[in-house]
Amino acid sequence: MSPLVAFVIRRLLQYIPMILVVIVVIFILVRMAPGDPTYILVGEVGDESFVQAARERLGLNKPLHEQFLIYILNVFRGDLGYSYLRSESVSKLIIDRIPATLILVLTAMFISAAVGIIIGTISAARRGILDISLSLLTLFGISIPYFWLGQMILIVFSVYLGLFPLGGMISVGMDYQGINYALDIIYHLTLPALTLAIFNIAFTTKITRGSVLEALTQDYIITARSKGIPERRVIFRHALRNALIPVVTYTGFNTGVLLVGAILTETVFAWPGMGSLLYDSIRLRDYPVVLGIFIYGSIMVIIANLIVDILYGILDPRIRMR
Amino acid sequence: MFSSSKILEVSNLYVQYLTLQGIVKAVDGVSFSVGWGESFAIVGESGSGKSTLAFSVIRLLPENSRIVNGKILLYPENIDLVKLPEEEMRKIRGRRIGMIFQDPMTFLNPVMRIGDQIAEAIIYHQKCSPTEAKRKAVKLLEKLRIPDASDVVNRYPHQLSGGMKQRVVIAMAISCNPQLLIADEPTTALDVTVQAEVLELLKNLINEYNMSLILVTHDLGIVAEICDRVAIMYAGKIMEIGDVYRLYKNPKHPYTIGLLNAVPTIYKSKNEIAGIKGSPPNLINPPIGCRFHPRCPYVFDKCKIYEPPLIEISKSNYVACWLVG
Ligand SMILES: Nc1ncnc2c1ncn2[C@@H]1O[C@H](COP(=O)(O)OP(=O)(O)O)[C@@H](O)[C@H]1O
Ligand code: SF4
Ligand SMILES: [Mg+2]
């Protein structure tokens, strides 16, 4: 087995207890929330025997710990159950939504990494007015809530200026093919991706700036300058290259935060991903779907962390995968 | 040394650091010159301003520093490096003046291959292609007697021993054939066993390429091996300058005498060094009069009030002490 494969497997095994904890916590949280799905199913004024029958069908009449045990065993069999409301398996529902969320989150991640790293590095290299205004902007970016920001962006760019669609992922009824299909998605993707990216741009900028400033105090920077190479190269090739390690770590660890941001962003922009599915499912108390999404979300975060660990070894030759 | 064959002349240089505690007068009116092909040592205890002086010459001082006064003239053009715009200074670094640093551990970029670190100066100064530069890097490492040079260029610093790393630093410094090499404590961070090797290598290189050398060290013991002339520095000032031979045989300044007594010989073990009592002063408020007076065994009244000037006692031999001259 190659060391990389062995490393990945070992890491995945280490994550199993973590997933268990996630399931327990989410199970408890979901069930503690007020509201009863049976009423949503049968309506508030349903016949009491009718409600009782629905309860039994969903297994909600059993004691909570029993429900939990049944659920856990099913999860390890790969069965996340059926949605209460939609006649589909939870896995199918979620898997259908994953591509949309991945496109949104990865685009936002890419935009924020590219923009954040460039602005962060420049602001570290030339301190002064630019630096102060960037810090203020960063603070601003970090403090605005997604929900509000998304709505403002939607109102200004779609409603008033009419530059972008009001929501969704494709133009309904157009049936584009090939390149036009891709362009249509990009057209719909722009605003939600920017909304989701802004917070992250701000944070990546801040982290990159601090990390580059720190790298610039290191002795090897003096060596680089002593060679008479252009300052541009000193900053990007020597300082930034070393500073990237914490930036990558941050970007990976931040996947969870981005996924949470995606819930709100997808809801505002009617983006058909896991986030809007989660929002609807919580609203309608569709417990199996809510739990399923959290499990899939945790797995995504774990995969992101794995990628970070692998990138680590590439970025820093001193780290050998063990 | 004829004055017409100078490569570098430092005159009346003042360098300060701005700190929260006050202004550190790290170099306080220093003058000396280095001839073509000459090896010049700057010796003194830690904290006497040697590194500050060395970094001033190649203009790589920390941000909280400032050159307050003085000239650093580079010959034959007679350029004043103090006034040179940064863009011009960059063309001098690496190409005209090379620098070797104290700790190869921290002065090499940990995430860049050895070969790339050596090649980059060559690419910029000699307008080489990267492959050509890399080939030259291998040649340089071979020159520095690094085994498996063509393999070492692809390694990272942490994969080399301290002595090997310092050879890499030397290779980087000489990669563009500079006329002047500045070495700031080049062997201090190394194992005693490899110190002599690295020093020998340095000596052969400067002879072979006819480079001038400014060697900064706190160890008078290594100076005799490699240098022609020595400046003894204390508390930001030069106390004595002289030919190595004269200075060893016949030291004039009480501080020089103290330093020489501190050099361990085969007769004296390290534990019984008859050094100088006390420690160098704080350079925010250095002593008035002769800066060495609080520690000088020969101190008298005049020393505590008036500062002794650096006077020429014979051709290219200078001393700053009221007892001499
Ligand atoms: N970056 C700095 N900021 C403030 N003071 C400094 C700095 N670097 C050196 N100094 C001070 O300047 C004086 C001379 O230091 P240095 O040139 O490093 O001496 P040496 O190389 O002889 O040990 C010391 O008192 C030291 O504390
Ligand atoms: S001037 Fe006075 S204090 Fe200074 S070294 Fe000479 S004798 Fe000592
Ligand atoms: Mg020093």
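The structure displayed is predicted, hence computed values, not measured ones. (Residues numbered from 1 in each chain as written. Chains lettered and ligands numbered in written order. Predicted model: local features only at pLDDT ≥ 70, side-chain atom pairs only at ≥ 80, totals over all residues. Heavy atoms only, no water.)

Novice: Mind laying out the overall build of chain A, listing which residues take part and the relevant values?
Specialist: Each helix and strand in chain A was counted, giving 13 helices and zero strands. When the helices and strands of chain A are placed in sequence order, the string is α-α-α-α-α-α-α-α-α-α-α-α-α. If one aligns the C-alpha atoms of chain A with their principal axes, the spans along those axes are about 85 × 55 × 40 Å. Classification of the 322 residues of chain A by burial places 45% in the buried group. The long-range share in chain A, meaning contacts at least 24 apart out of those at least 6 apart in sequence, stands at 73%. Accessible surface computed for chain A: about 16600 Å², of which carbon and sulfur atoms make up 70%. Taken together, the 25 basic and 20 acidic charged side chains of chain A have centroids lying 15 Å from each other. (Helix = DSSP H or I, 4+ residues; strand = E, 2+ residues; numbered from the N terminus. Buried < 20%, exposed > 50% of the residue type's maximum accessible area, 1.4 Å probe, protein only. Contact = heavy atoms within 4.5 Å. Areas by Shrake-Rupley, 256 points an atom, 1.4 Å probe, with all protein chains shown as cover. Lys, Arg positive; Asp, Glu negative; His and termini not counted. Charge placed at Lys NZ, Arg CZ, Asp CG, Glu CD.)

Novice: I'd love a proper account of the overall build of chain B, names of residues and values included.
Specialist: The helix and strand inventory of chain B stands at eleven helices and twelve strands. Against the 2.2 N^0.38 benchmark of 20 Å for 325 residues, chain B shows a C-alpha radius of gyration of 20 Å, consistent with a compact globule. In terms of its C-alpha atoms, chain B occupies a principal-axis envelope of roughly 65 × 50 × 45 Å. For chain B, the proportion of its 325 residues judged to be buried stands at 54%. Counting contacts in chain B only where the partners sit at least 6 residues apart, residues at least 24 apart contribute 63% of the total. Averaging the locations of the 37 positively and 32 negatively charged side chains of chain B gives two centres separated by 3 Å. (Rg over C-alpha atoms; globule rule 2.2 N^0.38 Å.)

Novice: Hey, could you go over the site of ligand 2 for me, with residue numbers and the actual values?
Specialist: Taken together, B:His253, B:Pro254, B:Cys290, B:Phe292, B:His293, B:Cys296, B:Tyr298, B:Cys303, B:Pro308, B:Cys321, B:Trp322 and B:Leu323 make up the full set of residues near ligand 2. In terms of residue class, the shell around ligand 2 is built from ten nonpolar, two polar and no charged. (Near = heavy atom within 4 Å. Nonpolar A, V, L, I, M, F, W, Y, C, P; charged D, E, K, R; others polar.)

Novice: How would you explain the site of ligand 1 if you had to name every residue and give the values?
Specialist: Residues and elements named next belong to chain B. Among the 15 residues in the neighbourhood of ligand 1, the closest are listed as Gly-47, Lys-50, Ser-51, Thr-52 and Asn-64. In the environment of ligand 1, an oxygen atom lies 2.6 Å from a nitrogen or oxygen atom belonging to the backbone of Gly-47. The side chain of Lys-50 places a nitrogen or oxygen atom 2.8 Å from an oxygen atom of ligand 1. Its free accessible area being 560 Å², ligand 1 has 69% of it covered by the protein chains. Listed by contribution, the elements that provide at least two residues to the shell around ligand 1 are strand 2 (23-35) and helix 1 (50-57). Ranked by residues supplied to the shell around ligand 1, first place goes to helix 1 with three residues. Broken down by class, the residue content of the shell around ligand 1 amounts to five nonpolar, eight polar and two charged. (Polar contact = N/O pair within 3.5 Å; in protein donor to acceptor, adjacent residues only side chain to side chain.)

Novice: Run through the domain arrangement of chain A, naming residues and quoting values.
Specialist: Residues and elements named next belong to chain A. Here chain A is described as being made up of domain 1 (3-76) and domain 2 (90-315). Once you take the C-alpha centre of each, domain 1 and domain 2 turn out to be 30 Å apart. Tallying the contact residues gives 21 residues for domain 1 and 17 residues for domain 2. Taken together, both faces of the contact between domain 1 and domain 2 bury some 1700 Å²; the carbon and sulfur share is 79%. Here domain 1 is connected to domain 2 by zero salt bridges. The interface formed by domain 1 and domain 2 includes zero residue pairs in polar contact (both at pLDDT 80 or more). Mapped onto the side of domain 1 that touches domain 2, the elements with two or more residues apiece are helix 1 (3-32), helix 2 (37-42) and helix 4 (64-76). Of all the elements, helix 1 adds the most residues to the side of domain 1 that touches domain 2, at 14 residues. (Domains from an automatic or database assignment. Buried area = accessible area lost by both parts, 1.4 Å probe. Salt bridge = Lys/Arg side-chain N within 4 Å of Asp/Glu carboxyl O.)

Novice: An account of the interface of chain B and chain A is requested, with residue identities and associated values reported.
Specialist: Taken together, the contact pairs 26 residues of chain B with 22 residues of chain A. In this assembly, chain B packs against chain A so that about 2200 Å² is buried in total across both faces, 59% of it on carbon and sulfur atoms. Sorting the residues of chain B by area buried against chain A places B:Val111, B:Glu120 and B:Tyr124 first, and these three jointly supply 26% of that buried surface. Applying the counting rule to chain B against chain A returns two salt bridges. Between A:Arg233 and B:Glu120 there is a salt bridge, with the nearest N and O atoms lying 2.6 Å from each other. Connecting chain B to chain A are eleven residue pairs in polar contact (both at pLDDT 80 or more). When contributions to the side of chain B that touches chain A are tallied by element, the ones reaching two or more residues are strand 6 (97-100), helix 3 (104-107) and helix 4 (114-126) of chain B. Take the side of chain B that touches chain A: its biggest share by element is six residues, from helix 4 of chain B.

Novice: Outline the packing of aromatic side chains, supporting the account with residue identities and numerical values.
Specialist: All names here are of chain A. Here the structure, examined in full by the defined rule, presents eleven aromatic pairs over all chains. Ring plane angle 20 degrees and centroid distance 5.4 Å describe the contact between Phe-203 and Tyr-250, whose orientation is recorded as stacked. Taken together, the positions of Phe-203 in helix 8 (residues 178-216) and Tyr-250 in helix 10 (residues 231-253) put the pair 47 residues apart, joining distant regions of the chain. The partly exposed category is assigned to Phe-203, whose relative accessible area is 27%. (Phe/Tyr/Trp six-rings, centres within 6.5 Å; stacked < 30°, edge-to-face > 60°.)

Novice: I'd like a description of the confidence of the model for chain B, backed by residues and values.
Specialist: Across chain B, the average pLDDT comes to 92, with 95% of residues at or above 70. Model confidence for the complex is summarised by a pTM of 0.86, with the ipTM given as 0.92. (pLDDT = per-residue confidence, 0-100.)

Novice: Any details on the sheet that holds strand 1 (residues 6-18) of chain B? Residues and values, ideally.
Specialist: All names here are of chain B. Taking strand neighbours across the sheet as the criterion, the four strands line up as 2-1-4-5 in an open arrangement whose pairing is antiparallel. Two strands lie at the open edges of the sheet, namely strand 2 and strand 5 (79-80), each paired on one side alone. Relative to strand 5, strand 4 (residues 65-74) is paired through two bridges, and the arrangement is antiparallel. Looking at strand 5, one finds that Leu-74 is bridged to Ile-79. Across the sheet, helix 1 touches strand 1, strand 2 and strand 4, and the angle it forms with strand 1 is around 120 degrees. (Pairing = 2+ DSSP bridges. Axes fitted to C-alpha atoms, helices over the stretch in contact; angles between N-to-C directions.)

Novice: Account for the pairing of strand 6 of chain B, naming residues and giving values.
Specialist: Residues and elements named next belong to chain B. Taking every second residue as pointing to the same face, both faces of strand 6 are buried, with Ile-97 and Met-99 on one and Gly-98 and Ile-100 on the other. Across four bridges, strand 6 lies against strand 7 (residues 180-184) in parallel orientation. Along strand 7, the bridge assignment pairs Ile-97 with Leu-180.

Novice: Give a description of a nonpolar patch on the surface that names residues and reports values.
Specialist: A surface patch of nonpolar side chains, about 990 Å² in accessible area, is lined by A:Trp148, A:Met152, A:Ile155, A:Val156, A:Phe157, A:Val159, A:Tyr160, A:Leu161, A:Leu163 and A:Leu166. Structurally, A:Leu163 can be placed in the loop between helix 7 (146-160) and helix 8. (Patch = residues over 30% accessible without salt bridge, like charges linked within 9 Å, V, L, I, M, F, W, Y side chains within 5 Å.)

Novice: A description of the sheet that holds strand 11 (residues 311-314) of chain B should follow, citing residues and the corresponding values.
Specialist: All names here are of chain B. Within the open sheet, the eight strands sit side by side as 6-7-8-3-9-10-12-11. Their pairing is mixed. Taken across any chain shown, the strands that pair with only one partner, and hence form the sheet edges, are strand 6 and strand 11. Neighbouring strand axes in the sheet, compared pairwise and without regard to direction, differ in orientation by 25 degrees on average. Strands in contact with helix 7 (residues 162-174) are strand 6 and strand 7; relative to strand 6, the strand with the most contacts, it is inclined by about 170 degrees. Lying over the sheet, helix 8 (residues 192-209) contacts strand 3 (39-43), strand 6, strand 7 and strand 8 (212-217), oriented at roughly 165 degrees with respect to strand 7.

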